[in-house]
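Analysis of the macromolecular model
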Amino acid sequence: MFSSALTAESQKLQQLAAQPKSGKSINTGERLLQELDALQSYQAKLNQCQTILADATAALELLDFQADEELEQELQTNLAQLNCSLEECELEQLLSGPCDKNGAYLIINAAIDDLDAPDWALMLLKMYCCWGHNQGYRVRLVEESPSTDRGINSATLAIDGRCAYGYLKSETGVHLLKRTSPFNITRKQASLATVEVVPMYVELEIPQQDLELIILPSPYLLSVKVSDWVKIVHVPTGISAISGEGRSRLQNREMALPVLTSKLFAIMQRQGVQQLADIQGEILKTALNQPIREYQFVSDSANQGKVLDLRTGIQTTAVAEVLDGKLDSFIKAGVLLKN
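Residues numbered from 1 in each chain as written. Predicted model: local features only at pLDDT ≥ 70, side-chain atom pairs only at ≥ 80, totals over all residues. Heavy atoms only, no water.

**Some details on the overall build of the protein chain**
Keep this limit in mind: Going along the chain from the N terminus, every DSSP run of H or I of four or more residues is numbered as a helix, and every run of E of two or more is numbered as a strand. Here the term buried applies to any residue with accessible area under 20% of the maximum for its type, exposed to any over 50%, and partly exposed to those in between, with areas from a 1.4 Å probe on protein chains only. Should any heavy atoms of two residues lie within 4.5 Å, those residues are counted as being in contact. We get accessible surface area from the Shrake-Rupley algorithm with a probe of 1.4 Å; when it comes to residues, only the shown protein chains can shield them.
Each helix and strand counted, the protein chain has eight helices and eleven strands in total. Out of the 339 residues in the protein chain, the part that is buried amounts to 44%. Summarising the internal contacts of the protein chain: among those between residues at least 6 apart in sequence, 62% fall at separations of at least 24. Per element, the accessible surface of the protein chain, about 18,300 Å² overall, is 52% carbon and sulfur.

Written as structure tokens, this is what we have:
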């Protein structure tokens, strides 16, 4: 019966998403497609659990009549897979926020006046790209501003898929790297980069008179990337978004504006206000200034580095795996912390 209800809801969303869209309704259409994708994904996961359960039940009945080591190993594998799928479903049920099922924009900024910070920011960018791809999400670069010497000063990723925002929102804050600087081996270095996660596909009216469009020169001095970079500023708050990955000034504007809208929407949620005019400017960056995770790189073979979540105490010595996008334990702890 539950499966039938999911099918009916899926058909309803398909009909709504298929209706012609124009102007402001384009964003609504994208949100409907996101909901449809999320529902179909959940339905597929439910069907998979039912299939595994049916196979496990049949295997148990056969084992009652005759021992079979190969069948028993297959049963254990199926049960482990079922348990993993059920844990994922249980975790998703905790994502009850109004935008938790949405995709996410993830913005990384290297600390200013820190020579190693751009290199660290680039490592974080690669880490979240890997995480997104591991989840089967669509990952798209909206903006990447290279540093003069190495790494990046900033970057914005669009990570589009079921519950991306719900899973990633607890990543917002300061990520601290402690290591011996590879650019000066005589110096121990602590480098900072901030991560901000905001939901995609939000609806928020921004008065045009409150927006300022700034054309920036491309930071890629010796490359073929010659399209105009665009920075859109919400004048009353100073919040801005940049895009330089589009082929034209217009495309960059169309890519930057949703990011700015999402940033403002997230701030309104954090501050508990209903109107843009009610945003309190003096506490805009409070959430971004909170240290949330510490990454320790150790070059001494007798010791191991580690990654420590400063809020939950979750830690691991598998530093390389974390940088390859293996963030499941931290993501799960973050979801539990928020709920």
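**Structural notes on unusual backbone geometry**
Of note, the phi angle at Asp113 is positive, near 60 degrees, even though the residue is not glycine. With respect to the secondary-structure elements, Asp113 resides in the loop between strand S1 (104-110) and helix H4 (117-134). Judged by relative accessible area, which is 81%, Asp113 ranks as exposed. For Tyr201, which is not glycine, the phi torsion reads 60 degrees and is therefore positive. Here Tyr201 lies in the loop between strand S5 (188-199) and strand S6 (211-216).

**Considerations on the pairing of strand S9 (residues 291-296)**
Condition: Should DSSP find at least two bridges between two strands, the strands are taken to pair.
By the bridge criterion, five bridges tie strand S4 (residues 173-180) to S9 in an arrangement that is parallel. Bridge pairing in S9 links His175 to Arg293. Across four bridges, S9 lies against strand S10 (residues 306-309) in antiparallel orientation. Of the residues in S10, the one forming a bridge with Gln296 is Lys306.

**Quick notes on the sheet that holds strand S7 (residues 229-234)**
Formally: Where helices are involved, their axes are fitted lines through C-alpha atoms of the stretch in contact, as for all axes, and angles between N-to-C directions lie from 0 to 180°.
Strand order in the open sheet made by the three strands is S6-S7-S8, with antiparallel pairing throughout. Each end of this open sheet is capped by a strand with a single partner; those strands are S6 and strand S8 (239-243). On average, each strand axis in the sheet is inclined to that of its neighbour by 20 degrees, with strand direction left out of account. Note: S7 against S8, five bridges, orientation antiparallel. Within S8, the residue paired with Val230 across the bridge is Ser243. Strands S6, S7 and S8 of the sheet are contacted by helix H6 (residues 249-271), whose axis makes an angle of about 145 degrees with S8.

**Let's talk about the side chain of Asp119**
Position of Asp119 relative to the elements: it lies in helix H4. If we ignore the near neighbours within four places in the chain, the residues touching Asp119 are Arg150, Gly151, Arg179 and Phe183.

**Comments concerning the side chain of Lys263**
Stated precisely, the cut-off is as follows: When charges are counted, neither His nor the chain ends are considered; positive counts come from Lys and Arg and negative counts from Asp and Glu. By convention in these notes, a salt bridge is any Lys or Arg side-chain nitrogen within 4 Å of a carboxyl oxygen on Asp or Glu.
Checked against the element boundaries, Lys263 lands in helix H6. One buried charged side chain, Lys263, makes no salt bridge at all; its nearest oppositely charged neighbour is Glu196, positioned 4.3 Å away.

**What about the sheet that holds S1?**
Read from one edge of the open sheet, eight strands run S2-S3-S1-S5-S4-S9-S10-S11, paired in mixed fashion. The open sheet has two edge strands with one neighbour each: strand S2 (138-146) and strand S11 (315-316).

**Some remarks on helix H3 (residues 69-93)**
Stated formally: Expected helix span is taken as 1.5 Å per residue step, with the number of steps being one fewer than the number of residues.
Spanning 25 residues, H3 covers 36 Å between terminal C-alpha atoms, matching the ideal 36 Å at 1.5 Å per step. All buried positions along H3 are accounted for by Leu71, Leu75, Asn78, Leu82, Ser85, Cys89, Leu91 and Glu92.

**Points about the nonpolar core**
Threshold: Buried residues of nine kinds, namely Ala, Val, Leu, Ile, Met, Phe, Trp, Tyr and Cys, make up a nonpolar core once their side-chain atoms join them within 4.5 Å.
Grouped together as the largest cluster of nonpolar side chains are 42 residues, with contacts concentrated most on Leu106, Leu124, Tyr128, Tyr167 and Leu168. The set of elements that each furnish at least two residues to this core consists of S1, H4, strand S3 (152-160), helix H5 (164-168), S5, helix H7 (319-323) and helix H8 (328-338). Ranked by residues supplied to this core, first place goes to H4 with ten residues. The residues touching Leu124, leaving out its near neighbours within four places in the chain, are Ile108, His175, Ala193, Val195 and Tyr295. The next biggest cluster of nonpolar side chains, apart from the first, holds 25 residues, and it includes Tyr201, Ile206, Leu264 and Ile267.

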